[in-house]
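The chain contents come next:
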Amino acid sequence: MELLKKLSLFYAPSGREKKLSEFIKKEISGFADEVYTDSLGNLIARKKGTGKRIMLSAHMDEIGVVVTYIDDNGFLRFADVGGLYTKYLAGRRVIFENGTEGVVFTEPKNDKNALLNMYIDIGAKNKEEAEKIVTVGDMAVFCGDYTEQNGTIIGKALDDRAGCFALIEALKQIKSENDLYFVFTVQEEVGLRGARTAAFGIEPEFALAVDVTDSGDTPKNDKISVKLGKGAAIKVMDYSVICDRAVREALVSLAEKNAIKYQLEVMTEGGTDAGVIHFSRGGVKTGGISIPTRYIHSPSEMISKDDLEAVIRLITAFCEQ
Ligand code: CO
Ligand code: ZN
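Residues numbered from 1 in each chain as written. Chains lettered and ligands numbered in written order. Predicted model: local features only at pLDDT ≥ 70, side-chain atom pairs only at ≥ 80, totals over all residues. Heavy atoms only, no water.

Our focus in this paragraph is empty space enclosed by the protein. Summed over all chains, the structure comprises one cavity of 30 Å³ or more. Counted as a void, the largest cavity has a volume near 60 Å³. Residue classes in the lining of the largest cavity are distributed as three nonpolar, two polar and five charged. (1 Å grid on protein atoms, 1.4 Å probe; cavity = no way out; pocket = protein on both sides within 12 Å on 5 of 7 lines; lining within 4 Å. Points joined across faces, edges and corners; volume = space filled by probe spheres on them. Nonpolar A, V, L, I, M, F, W, Y, C, P; charged D, E, K, R; others polar.)

Around the cobalt ion (ligand 1), the protein contributes the donor atoms Asp159 (OD), Glu189 (OE), Glu189 (OE) and His297 (NE2), at 1.9 to 2.6 Å from the metal centre. Each of the four donor atoms around the cobalt ion (ligand 1) contributes to a set of angles spanning 55 to 151 degrees, which defines the coordination as irregular. Written as a sequence motif, the donor arrangement for the cobalt ion (ligand 1) is D-x29-E-x107-H. In this model, the cobalt ion (ligand 1) sits 3.2 Å from the zinc ion (ligand 2), the two metals being bridged by aspartate 159. You can see aspartate 159 sitting in helix H4 (residues 158–173) and its partner glutamate 189 sitting in the loop between strand S12 (179–185) and helix H5 (193–202), a full 30 residues away along the chain. For the pair formed by aspartate 159 and glutamate 189, the shared burial category is buried. (Donors = N, O, S within 2.8 Å, 3.2 Å for Na, K, Ca; no water. Tetrahedral: all angles 85-135°; square planar, octahedral: opposite > 155°, others 65-115°. Helix = DSSP H or I, 4+ residues; strand = E, 2+ residues; numbered from the N terminus. Buried < 20%, exposed > 50% of the residue type's maximum accessible area, 1.4 Å probe, protein only.)

Surrounding the zinc ion (ligand 2) are the protein donor atoms His59 (NE2), Asp159 (OD), Asp211 (OD) and Asp211 (OD), at 1.9 to 2.6 Å. Around the zinc ion (ligand 2), the four donor atoms sit at angles spanning 52 to 149 degrees, and that spread fits a shape best called irregular. Mapped onto the sequence, the donors of the zinc ion (ligand 2) take the spacing H-x99-D-x51-D. For aspartate 159, a relative accessible area of 5% puts it in the buried group.

A few words on the nonpolar core. Membership of the largest hydrophobic core comes to 54 residues, with the highest contact counts inside it found for Leu4, Ile24, Phe182, Phe184, Leu308, Leu314 and Ile315. With sequence-adjacent residues up to four places away left out, phenylalanine 184 is seen in contact with Ile24, Ile28, Asn42, Leu43, Ala58, Met60, Cys164, Leu167 and Ile168. Grouped together as the second largest cluster of nonpolar side chains are 19 residues, Val65, Leu84, Ala130 and Ala140 included. (Core = buried A, V, L, I, M, F, W, Y, C linked by side-chain atoms within 4.5 Å. Contact = heavy atoms within 4.5 Å.)

Bringing the side chain of aspartate 244 into the picture now. Looking at the element boundaries, aspartate 244 is found in the loop between strand S15 (241–242) and helix H6 (245–257). At 3.2 Å, the side chain of aspartate 244 forms a polar contact with the backbone nitrogen of alanine 246. Those residues in contact with aspartate 244, other than ones at most four positions away along the chain, are Lys285 and Thr286. (Polar contact = N/O pair within 3.5 Å; in protein donor to acceptor, adjacent residues only side chain to side chain.)

The volume enclosed by the largest pocket comes to roughly 700 Å³. Surrounding the largest pocket, 30 residues form its lining, Tyr85, Asp214, Glu269, Ile296 and His297 being those nearest its centre. A per-element tally of the lining of the largest pocket places strand S13 (residues 206–214) first, with three residues. Here the lining of the largest pocket is built from residues that sort into 10 nonpolar, 12 polar and eight charged. Top contributing element to the lining of the second largest pocket by residue count: helix H2 (residues 18–28), with four residues. Counted by class, the lining of the second largest pocket contains two nonpolar, five polar and four charged residues.

We now examine the side chain of histidine 59. Here histidine 59 is to be found in strand S3 (residues 53–59). Among the polar contacts listed, one links the side chain of histidine 59 to the backbone oxygen of aspartate 61, at a separation of 3.0 Å. Reaching out from histidine 59, the side chain makes a polar contact with the side chain of aspartate 211 at a distance of 3.2 Å. Every residue in contact with histidine 59, bar those within four places of it in the chain, is listed here: Asp159, Asp160, Cys164, Thr185, Glu188, Glu189, Asp211 and Asp273.

The buried count for S3 comes to six of seven residues, which makes it a mostly enclosed element. Two elements, S3 and S12, share seven bridges in a ladder whose sense is parallel. Paired with histidine 59 across the two strands is threonine 185, which belongs to S12. Inspection of the sheet shows S3 paired to S13 by four bridges, in the parallel sense. Its bridge partner being in S13, serine 57 is matched across the sheet by alanine 209. (Pairing = 2+ DSSP bridges.)

Further remarks concern H2. Of all the residues in H2, the buried ones are Leu20, Ser21, Phe23, Ile24 and Ile28. In an axial view of H2, the angular spread of the buried residues amounts to 160 degrees, which keeps them on one side of the axis. Projecting away from the buried face of H2 at angles above 90 degrees are the exposed residues Lys18 and Lys26. Looking at the buried residues of H2, the elements they touch are helix H1 (2–9), strand S2 (43–47), H4 and S12. (Arc of directions from axis to C-beta.)

Orientation of H1 relative to H4, taken along the N-to-C sense of each, is 140 degrees, at an axis distance of 9 Å. By the angle between their directions, the pair H1 and H4 is classed as oblique. The handedness of the crossing between H1 and H4 comes out as right-handed. Contacts from Leu3, Leu4, Leu7 and Ser8 of H1 reach H4 at Leu158, Arg161, Ala162, Phe165, Ile168, Glu169 and Lys172. Its residues assigned to classes, the contact of H1 with H4 comprises seven nonpolar, one polar and three charged. (Axes fitted to C-alpha atoms, helices over the stretch in contact; angles between N-to-C directions. Parallel < 35°, antiparallel > 145°, perpendicular 65-115°, else oblique. Left-handed = near helix turned anticlockwise from the far one by under 90°.)

As structure tokens, this is what we get:
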């Protein structure tokens, strides 16, 4: 999946989605009637129709780090951009927009607590040299790698580039009378910010957020019923939204009618764009289709190719009905 690989490897932490947005714009421009960007940076592709106005969203941004201070020896102190788990960080490499890579480490080596004791080493000799390369406010993301094996895909930022990929692929094949808005949102990871203005501007009747969801199929995790390989996850609720019942039931019956593998999802941590779309203006009937994912927000998120295919088919079926 060459396109998904490209999307995954892009540098696009929250608020720095512009280049990724330009890339997606090129990728989809032949398939939409109108493509534009709103003030916040959300990329919106409209496929005009006389039927229902439906908004689909997937966020472009990924979690990352931001430089807060450069010390005399050229080591960078940083804060998180989005929900970063410190235990995934020591020994990892991160990459800045200008291509500079740095090693994240912590002192003492077995320090359990904290971002506060962590730093990024870009190999600079001192502060002066470091400041020629990076500055306070620069953001970095996990260095990329991307693997496809045993029917899975492993990589960084599959949250939510896998969702962006699903929207792009769906857009390319949908034939529908409905008025469709494919929205590639910004700043989801720092509080569902982009989806808020996009939904207000579009004023949809229905919406679907396409994002990743946690899976409960790792050794000690049995409280979540979602599993890799068991199909598209139809969202019942997460901490940001209780999905519209009719939308959820429509998704279930479409999946059954079209023989698309699906499972029901209750996410007990975090939220998605659906969280702000559903209470935009006077309210929007909103649902969610999710891609089951292991190790969310780590540099090695894992999804199933079959699930991703199922998600694309279910989005398509929903838009075409
Ligand atoms: Co996320
Ligand atoms: Zn996400």
